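One-letter residues, chain by chain:
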Amino acid sequence: MDYRNSDELPQSVGEEYLLNFIREITPYTEDAASPALEHSLADGVPVLSEETKNLLGTMLEIRKPGRILEIGTAYGFSAVYMSQFLPQGGQIDTIERNPVMIREARIHLAPFTGMIRLHEGAAQGIIPELTGPYDFVLIDAGMGQYALFWEEIRDKLSPGAVVFCDNVLHGGLVAMDRYEIPRRQRTIHQRMRDFLTEVLADQAYQSALLPVGDGVLIAVRKTDNGKDAL
Ligand SMILES: C[S@@+](CC[C@H](N)C(=O)[O-])C[C@H]1O[C@@H](n2cnc3c(N)ncnc32)[C@H](O)[C@@H]1O
């Protein structure tokens, strides 16, 4: 389903006229992930925005990862999308904790058994049990826990691994003054700011914070000789 026909347009931090232009000029193509996307949008399940998806696909095409870890499966849209970039024998581990999401993800992921493994439960309990190294990690889950996920995945990354984090600007709220943010969201946004500050200052990674979709942070683990992997 083309996002442009949906009432449930994913949140975006971009200027509306730019977003409209980008969506007009970028062709939409159906692929293996379209049924999961359509189902997610119909049920109001948050998914990667179209621009974020295209950026993700571009990074996957550059990096060509053999092993991918995803935190936040939802209905399986992004996992199926990423599977199209895997080489022969490649594998995705994807983690989801919500039983309703798990039920729907099982349906969408069933044709990809062997290529996509669904891990059921809270990521913070599952990641330590997983054996790396991973060449690519997509973090698209609870915003207040990104710093925790980051700590847990660090020693499971191959040199040159890409960590791609979605929703890091949360519709722009993360960049706003503390007192402009609804009180109940302040702690979560402070945690996200601390996470962004930590990753962007980490000399072991080449990172970029981008106003794409709902905000994307890309961190590439530098290779041993200190040169960037891209
Ligand atoms: C934005 S949705 C993921 C969308 C999905 N990546 C896509 O584009 O199709 C976030 C998902 O992360 C899950 N989630 C949040 N915190 C989690 C955690 N700590 N462990 C596992 N799953 C989590 C939520 O239940 C939700 O289904």
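Our subject is the structure that appears above.
Residues numbered from 1 in each chain as written. Predicted model: local features only at pLDDT ≥ 70, side-chain atom pairs only at ≥ 80, totals over all residues. Heavy atoms only, no water.

S.K.: Residue-level account of the pattern of salt bridges, with values.
M.R.: Under the definition given, this model contains eight salt bridges. Arg67 serves as the salt-bridge partner of Asp93, at 3.2 Å between the closest nitrogen and oxygen. Placement of the pair is Asp93 in strand S2 (residues 91–96) and Arg67 in strand S1 (residues 67–71), with a sequence separation of 26 residues. Owing to a relative accessible area of 22%, Arg67 belongs among the partly exposed residues under this scheme. Ionic pairing is found between Arg117 and Asp93, a salt bridge with its closest N-O pair at 2.9 Å. Highlighted residues: Arg117 in strand S3 (residues 116–120) and Asp93 in strand S2, separated in sequence by 24 residues. Three or more residues joined by partner-sharing salt bridges are found here, namely Arg67, Asp93 and Arg117. (Salt bridge = Lys/Arg side-chain N within 4 Å of Asp/Glu carboxyl O. Helix = DSSP H or I, 4+ residues; strand = E, 2+ residues; numbered from the N terminus. Buried < 20%, exposed > 50% of the residue type's maximum accessible area, 1.4 Å probe, protein only.)

S.K.: Summarise the nonpolar core; cite the residues concerned and give the values.
M.R.: One finds Leu56, Phe136, Phe164 and Ile218 to be the most contacted residues of the largest nonpolar core, which totals 30 residues. Mapped onto this core, the elements with two or more residues apiece are helix H2 (34–42), helix H3 (50–63), helix H4 (77–83), helix H5 (99–109), strand S4 (134–139), strand S5 (157–166) and strand S7 (216–221). Looking at this core, the element that brings in the most residues is H4, giving five residues. Not counting residues within four places of it along the chain, the set of residues in contact with Ile218 comprises Leu55, Met59, Val162, Val163, Phe164, Gln206, Ser207, Ala208 and Leu210. Ala123, Ile127, Phe149 and Leu196 belong to the second-largest nonpolar core, a separate cluster that totals 29 residues. (Core = buried A, V, L, I, M, F, W, Y, C linked by side-chain atoms within 4.5 Å. Contact = heavy atoms within 4.5 Å.)

S.K.: Pulling in residues and values, what's your account of the pairing of S7?
M.R.: Burial within S7 is extensive, with five of its six residues counted as buried. Strand direction decides the pairing type here: S5 and S7, joined by five bridges, are antiparallel. Bridge pairing links Phe164 to Ile218 in S7. Where strand S6 (residues 205–210) meets S7, six bridges bridge the pair, whose relative direction is antiparallel. Bridge pairing links Tyr205 to Arg221 in S7. Here S6 hands over to S7 after five residues, with Gly213 in that stretch at a positive phi of 55 degrees. (Pairing = 2+ DSSP bridges.)

S.K.: Now, about H3: what can you tell me, with residues and values included?
M.R.: In this model H3 runs 20 Å from its N-terminal to its C-terminal C-alpha over 14 residues, within 8% of the 20 Å that 1.5 Å per residue would give. Lys64 sits one or two residues past H3 and shows a positive phi near 45 degrees. (Expected span 1.5 Å × (residues − 1).)

S.K.: Please give an account of the packing of aromatic side chains that cites residues and values.
M.R.: Tallying each qualifying case throughout the model produces six aromatic pairs. Relative to Phe195, the ring of Tyr146 lies with its centre 5.8 Å away and its plane at 90 degrees, an arrangement referred to as edge-to-face. Taken together, the positions of Tyr146 in helix H7 (residues 146–153) and Phe195 in helix H8 (residues 186–201) put the pair 49 residues apart, joining distant regions of the chain. With respect to class, Tyr146 is no different from Phe195; both count as buried. Following the ring pairs from residue to residue traces out a cluster consisting of Tyr146, Phe149, Trp150, Phe195 and Tyr205. Looking at Arg67, its charged tip hangs above the ring of Tyr134, at a distance of 4.4 Å from the centre. (Phe/Tyr/Trp six-rings, centres within 6.5 Å; stacked < 30°, edge-to-face > 60°. Lys NZ or Arg CZ within 6 Å of the ring centre and 35° of its normal.)

S.K.: So what's going on with the packing of H7 against H8? Residues and values would help.
M.R.: At their nearest, the axes of H7 and H8 sit 8 Å apart, and the two run at 35 degrees to each other. Judged by residue contacts, Tyr146, Ala147, Trp150 and Glu151 of H7 engage Met192, Phe195, Glu198 and Val199 from H8. Taken together, the residues of the contact of H7 with H8 break down into six nonpolar, no polar and two charged. (Axes fitted to C-alpha atoms, helices over the stretch in contact; angles between N-to-C directions. Nonpolar A, V, L, I, M, F, W, Y, C, P; charged D, E, K, R; others polar.)

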